[in-house]
Every structure is written in C-alpha cells, then in structure tokens.
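# Results of the structural survey
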Amino acid sequence: MNRLFFKNILLLFFLVTTLTGCVNLKYVSDFSSSSLKSIRNFEEIGYSFTMNCLENCQEEKVNNLSFIALECDCQANKSADSVTLIIYNAVKGYLDGLSNLSNNSLTNYKVNVVAKSLNQQDYKSLNIEKTHVDAWLNISNILFKAFTNKYRRSKIKEYVNAGNEPLKVLTGFLDFNLSENLSGKLNVQKQRLKDYYFDLTNDTTLSTFEKRNAAADYYNRINKIEDKQKELTTYSKILKKVAGGHQKLTDNLQRLNKDEVMEQLIQYSSDIQDLITEYNKIAK
Amino acid sequence: MAKLTSQQIKELADYFLAMAEAIGDYRIRNFHSLTKAQNDELSASSKQVLQFADELYTLAATLVLDDVQNSLSTIKQVTGEMKNTYQKLLQVQDALDIAGSAVTFCKAVVSLNPHSIIVATGGLIACLKAVH
C-alpha cells in the first residue's frame, strides 16, 4: 500500500514538473516565434536607401530631360543598407535561436528506440516482463522531458537575460534607420516633388489640361510615398512591441508560472499577430 | 571637437528638411509677388538644402554601426551559444538512436546468424553516419 502510494506520488511529481515546464516554455516559444515572424516582414518592405537614391537620380535626369547614361552615385546609400541589414540579421538570428530552443517538440525524444529493439522473446530470455519494460518506458519518457526541459529553462533564462539589452539597442537602431532615416529621405522626396510640381503647374507655356494632369500625377506619387511610410511606421510598431515583450519576459524570468505573466506574454504575441495583419494589409 | 552621433546627425537632417519646407512654402505663398530671379534663387536654395538633408539622413543611418558594435557582438555571442545548446539537445535523440541500433547489433552477434549480423551492422553504420 505504502509502496503504491509512494510510486503514485513520485509519478505525480514528475508529471507536474514536466507539464509545468511545457507550459512555461510554450509561452516563450509562442512569443519568440510570433516575434520572429513579425521581424521577417523586413524582407517584405521592398524599399531601401539605395532604391531611394536611384529614384532621386532618375527623377533628376527626367526633370532635366537628360538622356545621357550617367552613373548614379549611391555608394553611401548602399552602406546604409548594409548596416541596416547587419542589424536585422543579428535580431533575426537571436529570435530564431530563441524560437528553436523554446520549442517543446525539441525534447520530444523517442526513448522507446532501445525497447523496440527487444522483441517479446528477448523479454522471456532476459527474464523481463513486457509490462515492466512499458512501465520503464513511461517513467523514462517523463524523466527525460523533466530533465531536458529543466536544462532548457535554465539555459533560456540565461540567454534571455544576456540578450535583452543588446536586443533593445538593436531593435531601437533598426527602427531608427527605417522609420526615421529612410522615412526622412522619403519626406525629402515629397518636398522635392512639391517644389517641382508647383513650378510645373505655374508654367505659362502649359495648357490647363497639362497642368491638371501634372497635379493628378503629383497626388498619385505622394500617395505612393505615404504608403511606403505607413509600411515603415507599422514595422516600427512591430519592433517596439517585440522589444517590449522581450523586456517583459526578462523582468519575469523567475515568475514564468504566474498566470498574470503568461497572460501578458499571450497579449504581446496577440498584439504582434495583429501588427503582422496590419502590415500585410498596407503592403498589399 | 567631439564626434556627432547618428542621432544628432539625424536631428540636423530634420532641421534642414524643415528649413527647405519653409523656403518652399514661402515661395508658394509669395510666388506672384516675387521676381523670376528671386523665385529661381529660392528654388535653388531649397534644392541644395534638401540635398543636404538627404545626405545627412543617409550618413546617420551609416553611423549607426558605431553605436551598435557592442550590442552586435554580445547578441552574436548569445545566438552562437543558443545554437550550441540547441544542437546538444538534438544530439540526445542521436544518442538514443545509436543505443537502439547497438542493442539490435549485439542481439544479432549473440544469435550468430550471419544475415541478422549484416542487417544489424548496416543499421548501426547508417545510424552513425546520420549523426556525423
């Protein structure tokens, strides 16, 4: 009776340890994988410093009615793109690592490989009953998960702590380059168009029809630029949300079992999903 | 003189842009009262100021690299360690697979059945190859 009671308690302990581990890491995994997915929208932006430079260069040639194939000097803009790409790759690499490590399927080991290699006859010759082997399998499964999940949890805590500050800095500067510097260049482009089309609509050699066409062209182009800026603004919100969620995760590494913390992480994951939807709507 | 940060350069770009916008708006509001020469002068100034703003935004984006060097090296180190841990956890399954194949191999050797030995050896080799 006592032995049975002890066995049940032991089993319950392992079960609880394992399930708790799964729950904690599930929210970390959900948060990091939705963060990774949202960060990857960078690859969908379809606009860069170099593209902006080439557009400006071509615009100037068109305005000057120049057909001489002069090279556009966009070296500085290429450097700005490569700096931005370096930062993006570092952020993506970190979130990719966190997402892989916190994924519960990582420690779903098949421990029955050894048992499978023994058939019914082996059990008899070794004096082992099949029920004992099955019981061992169940226990070892639980033990394996408990041990590896504990190891994973401690490692994840270590990495999240070490990665929080650099992640904050890097997402901040990625945001700075896109929503302030690249968007700033788009503001410059808008002002150039305004100046140019103003002169065009005041050109006395043009007919009213031509002036109306020029004005319509101006508004179309401004709308297109503003669409790009909306994409950059939404991406900026994504970066802020990811950094905020990661900060929340870091602050609560010791209390990941608390419902309140889990709810906040779920909220961050859900907000990030909403931002991905918002981004995709604008990008279409 | 201290070096300007990327943030300070971006702020300068914002000022230049605001200045160009002010010149442009002034020209639009006073277009008919200005002479052609004055209009041309203002237009050329606006173009130049816009060009400065454009270049400063690009420069600010490039100088960011100086500000993120430490963060980049820390996050790269953390990412590398995460990958190592991930690989170690993946290898646990490899160890289990090898153990399973080894048991099958031992059984075949004990049985002294040549066909079983060949099959089991193949299984163990395949398992080891998959791991390395």
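Going by the structure above, here's the rest.
Here goes a summary of the coordinates provided. (Residues numbered from 1 in each chain as written. Chains lettered and ligands numbered in written order. Predicted model: local features only at pLDDT ≥ 70, side-chain atom pairs only at ≥ 80, totals over all residues. Heavy atoms only, no water.)

The tally for this structure, following the rule as stated, stands at 8 aromatic pairs over all chains. Ring geometry for Y197(A) versus Y218(A): centroids 5.6 Å apart, planes at 45°, classification tilted. Taken as a pair, Y197(A) in helix α6 (residues 130-201) and Y218(A) in helix α7 (residues 208-251) lie far apart in primary sequence, 21 residues in all. Classification of Y218(A) as buried rests on a relative accessible area of 16%. Residues F16(B) and F52(B) carry aromatic rings whose centres are separated by 5.9 Å and whose planes lie at 45° to one another, so their mutual orientation is tilted. Of this pair, F16(B) sits in helix α1 (residues 6-29) while F52(B) sits in helix α2 (residues 36-111); the two residues are 36 residues apart in sequence, bridging distant segments of the chain. Taken together, Y196(A), Y197(A), Y218(A) and Y219(A) form an aromatic cluster joined through their ring pairs. A cation over an aromatic ring shows up here: K26(A) above the ring of Y27(A), its NZ or CZ 5.6 Å from the ring centre. (Phe/Tyr/Trp six-rings, centres within 6.5 Å; stacked < 30°, edge-to-face > 60°. Helix = DSSP H or I, 4+ residues; strand = E, 2+ residues; numbered from the N terminus. Buried < 20%, exposed > 50% of the residue type's maximum accessible area, 1.4 Å probe, protein only. Lys NZ or Arg CZ within 6 Å of the ring centre and 35° of its normal.)

On to the interface of chain A and chain B. Taken together, the contact pairs 58 residues of chain A with 49 residues of chain B. Across the chain A-chain B interface, the total number found is 4 salt bridges. Ionic pairing is found between R27(B) and D199(A), a salt bridge with its closest N-O pair at 2.9 Å. Our enumeration of links across chain A and chain B arrives at 11 residue pairs in polar contact (both at pLDDT 80 or more). Elements that contribute at least two residues to the side of chain A that touches chain B include exactly α2 (49-63), α3 (75-102), α4 (112-116) and α6 of chain A. (Contact = heavy atoms within 4.5 Å. Salt bridge = Lys/Arg side-chain N within 4 Å of Asp/Glu carboxyl O. Polar contact = N/O pair within 3.5 Å; in protein donor to acceptor, adjacent residues only side chain to side chain.)

A few words now on a nonpolar patch on the surface. All names here are of chain B. Side chains of L4, L12 and Y15 sit close together on the surface and give an oily, nonpolar patch of about 300 Å² of accessible area. Inspection of the secondary structure assignment puts L4 in the segment before α1. With relative accessibility at 39%, the residue L4 sits in the partly exposed group. (Patch = residues over 30% accessible without salt bridge, like charges linked within 9 Å, V, L, I, M, F, W, Y side chains within 5 Å. Areas by Shrake-Rupley, 256 points an atom, 1.4 Å probe, with all protein chains shown as cover.)

What the rule picks out here adds up to 16 salt bridges over all chains. Linking K155(A) and E158(A) is a salt bridge whose minimum nitrogen-to-oxygen distance equals 3.7 Å. One end of the pair, K155(A), and the other, E158(A), are both in helix α6, 3 residues apart, so they sit about a helical turn from each other. Relative accessible area serves as the criterion here: at 40%, E158(A) is assigned to the partly exposed category. The residue D66(B) makes a salt bridge to K3(B) at a minimum N-O spacing of 3.1 Å. Separated by 63 residues along the polypeptide, D66(B) in helix α2 and K3(B) in the segment before α1 bring together distant segments of the chain. The exposure class assigned to K3(B) is exposed, which follows from its relative accessible area of 61%. Bridged by salt links that share partners, the residues E180(A), K10(B) and D14(B) form one connected network.

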